[in-house]
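Chain residues, written in single-letter form:
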Amino acid sequence: MQIFHNDWHEILSSEFEKEYYQNLRKFLIKEYKTKTIYPDKNDIFNAFHYTSYADLKVVLIGQDPYHGPGQAHGLSFSVKPGVPAPPSLVNIFKELHDDVAIPIPSHGYLKAWADKGVLLLNTVLTVRAGEANSHRQMGWETFTDEAIKRINLKEEPVVFWLWGKPAQAKEVLITNKNHLILKAPHPSPLSVYRGFYGSKPFSRTNAFLISKGKAPIDWTL
């Protein structure tokens, strides 16, 4: 079965044959049968489905999916239409407004960013309901690290947003001088005042893209 229906198939499909992924798959089959797991199994790989390798301009690295009902749908920080924006996303929207004067969105559905080349990638792609980090160290990190390594190989410039210490731990995978790394504290209420506000990721990303002859991103949702 072909999981990806775009160029990620050529890039990552070999991972599905490896022992770590086979073990992860067995674990997930049991978890989805016996517990409530987010996101829906059909949404696990949405970050890759919505943003092709060829088109990506920005990588926003999250941790694991939201673990509340109806929130997670395979894009980091995003929630489904009609679901209130969680606190971290509210803070991202405040910075969006302060940075590039875009009105704060009335929803938290970030697919429009994904469609414009923003890979909204969690490092762990599944979670048990109500149990943050419950699928850590089961194999997802190996898979998503491989994705980051492949993006690092791109000659086309990419901006990596590394917010918070877990995301910043991925900096060692990003060695290509063509790319830009923007680091900031996590936008959660616990750390947003330590330097996330005022970090200007949206305008700095567009300035970099323009400097490389690329079209800037329209951040409107």
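To be clear, the structure that these remarks concern was listed above.
On a predicted model such as this, the values are computed, not experimentally measured, just so you know. (Residues numbered from 1 in each chain as written. Predicted model: local features only at pLDDT ≥ 70, side-chain atom pairs only at ≥ 80, totals over all residues. Heavy atoms only, no water.)

Moving on to the pattern of salt bridges. Taken as a whole and assessed by the stated rule, the structure comprises nine salt bridges. For K18, the salt bridge goes to E15, with nearest N and O atoms at 2.7 Å. Residue classification places K18 among the partly exposed positions, given a relative accessible area of 37%. (Salt bridge = Lys/Arg side-chain N within 4 Å of Asp/Glu carboxyl O. Buried < 20%, exposed > 50% of the residue type's maximum accessible area, 1.4 Å probe, protein only.)

This next bit is on the environment of W140. With respect to the helices and strands, W140 occurs in helix α6 (residues 140-152). As a C-alpha pair, W140 and D40 span 100 residues in sequence and 16 Å in three-dimensional space. Discounting residues that sit within four places of it in the chain, W140 has contacts with Y21, L24, L28, I44, F45, T123, V124, L125, T126 and H135. Within the local environment of W140, its side chain forms a polar contact with the side chain of T126, the two groups lying 2.8 Å apart. (Helix = DSSP H or I, 4+ residues; strand = E, 2+ residues; numbered from the N terminus. Contact = heavy atoms within 4.5 Å. Polar contact = N/O pair within 3.5 Å; in protein donor to acceptor, adjacent residues only side chain to side chain.)

This part covers the environment of I102. Here I102 is to be found in the loop between α4 (87-100) and α5 (111-115). Taking relative accessible area as the criterion, I102 reaches 12% and is therefore assigned buried. Each C-alpha atom of the pair I102 and T220 lies 6.6 Å from the other, and the pair is 118 residues apart in sequence. Ignoring anything within four residues of it in the chain, the contact list for I102 reads L96, H97, W219 and T220.

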